[in-house]
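Coordinates in review
Spelled out, the chains give:
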Amino acid sequence: MTNEQMTQLLREFIPLCNFMEIEITDLHPDQITAAAPLAPNLNMHSSGFAGSLYSLAAATGWALLHNFMAVNDIAGQLVMKQASIHYKRPVLSDISLTCSLAPDKTEEHVQQTLEQGLNVELPLRVSILSDGKKCAHLDADYVIHT
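Read on for a plain summary of the structure.

So, how was this worked out
- Residues numbered from 1 in each chain as written.
- Predicted model: local features only at pLDDT ≥ 70, side-chain atom pairs only at ≥ 80, totals over all residues.
- Heavy atoms only, no water.
- Helix = DSSP H or I, 4+ residues; strand = E, 2+ residues; numbered from the N terminus.
- Rg over C-alpha atoms; globule rule 2.2 N^0.38 Å.
- Buried < 20%, exposed > 50% of the residue type's maximum accessible area, 1.4 Å probe, protein only.
- Contact = heavy atoms within 4.5 Å.
- Areas by Shrake-Rupley, 256 points an atom, 1.4 Å probe, with all protein chains shown as cover.
- Lys, Arg positive; Asp, Glu negative; His and termini not counted.
- Charge placed at Lys NZ, Arg CZ, Asp CG, Glu CD.
- Patch = residues over 30% accessible without salt bridge, like charges linked within 9 Å, V, L, I, M, F, W, Y side chains within 5 Å.
- Salt bridge = Lys/Arg side-chain N within 4 Å of Asp/Glu carboxyl O.
- Pairing = 2+ DSSP bridges.
- Axes fitted to C-alpha atoms, helices over the stretch in contact; angles between N-to-C directions.

**Some thoughts on the overall build of the protein**
Helix and strand content of the protein: four helices and six strands. Each helix (α) and strand (β) of the protein, taken in turn from the N terminus, gives the series α-α-β-β-α-β-β-α-β-β. For the protein, whose C-alpha radius of gyration is 15 Å, the value lies close to the compact-globule estimate of 15 Å for 146 residues. The principal-axis extents of the C-alpha atoms in the protein amount to approximately 50 × 30 × 20 Å. In the protein, which comprises 146 residues, the share counted as buried stands at 42%. Taking the contacts inside the protein whose residues are at least 6 apart along the sequence as the reference set, 67% of them involve residues at least 24 apart. Here the protein has roughly 7500 Å² of accessible surface; of this, 52% comes from carbon and sulfur atoms. Across the protein, the 8 positively charged side chains and the 16 negatively charged ones have centroids separated by 13 Å.

Below you can see the structure in the form of structure tokens.
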């Protein structure tokens, strides 16, 4: 899937992503980078709205795993099981989000687990940056189930 195709998928099927103007800027089977302008994601203090930051990070993690599943022909439903966000400093300019899949979460591991009739839990950390500084991160557990 291309960056543009993933951006379109997010914006079409998760309408909030369209409003937040998320854009996938770099997409690989094991890592992703996304971006969003600050303007549609502002709070009353002219900094990034916490709910937007959470939603952008959740969508970025989901997009990474959706692409991983598509590239590796993995069938199943992808959902977020739980997540917590940690804010370190305010977001004062456009937003960048990065995430990588853990090296031990290979296609073989996922396929074998699903073939055993078990759900696959995939923990991710999505970093939220602004002006090159880490402002927050989302720790999320996503699950693939059949």
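What follows picks up the thread again.
**With respect to a nonpolar patch on the surface**
Side chains of Phe13, Ile14, Leu16 and Phe19 sit close together on the surface and give an oily, nonpolar patch of about 420 Å² of accessible area. Here Leu16 lies in helix 2 (residues 15-20).

**Concerning the pattern of salt bridges**
This structure, assessed with the given rule, holds two salt bridges. Between Glu121 and Lys81 there is a salt bridge whose closest N-O contact spans 3.0 Å. Of this pair, Glu121 sits in strand 5 (residues 120-130) while Lys81 sits in strand 3 (residues 77-87); the two residues are 40 residues apart in sequence, bridging distant segments of the chain. What makes Glu121 partly exposed here is its relative accessible area of 34%. Exposure remark for Lys81: the relative accessible area of 52% places this residue in the exposed category.

**Quick notes on the sheet that holds strand 4 (residues 95-100)**
If you trace the six strands from one edge of the open sheet to the other, you get 1-2-4-5-6-3, paired in antiparallel fashion. Taken across any chain shown, the strands that pair with only one partner, and hence form the sheet edges, are strand 1 (23-28) and strand 3. Taken pair by pair, the neighbouring strands of this sheet meet at an average axis angle of 20°, ignoring direction. Taken together, the five bridges between strand 1 and strand 2 (residues 31-36) define a ladder with antiparallel strand orientation. Across the sheet, Ile24 pairs through a bridge with Ala34, a residue of strand 2. Across the sheet, helix 3 (residues 50-71) touches strand 1, strand 2, strand 3, strand 4, strand 5 and strand 6 (133-145), and the angle it forms with strand 3 is around 140°.

**Comments concerning the side chain of Lys105**
Mapped onto the elements, Lys105 comes out in the loop between strand 4 and helix 4 (107-115). For the buried Lys105, no salt bridge is present, and the opposite-charge side chain at shortest range is Asp104, 4.1 Å distant. The contact partners of Lys105, leaving out residues within four places of it in the chain, are Phe68, Glu121, Leu122 and Pro123.

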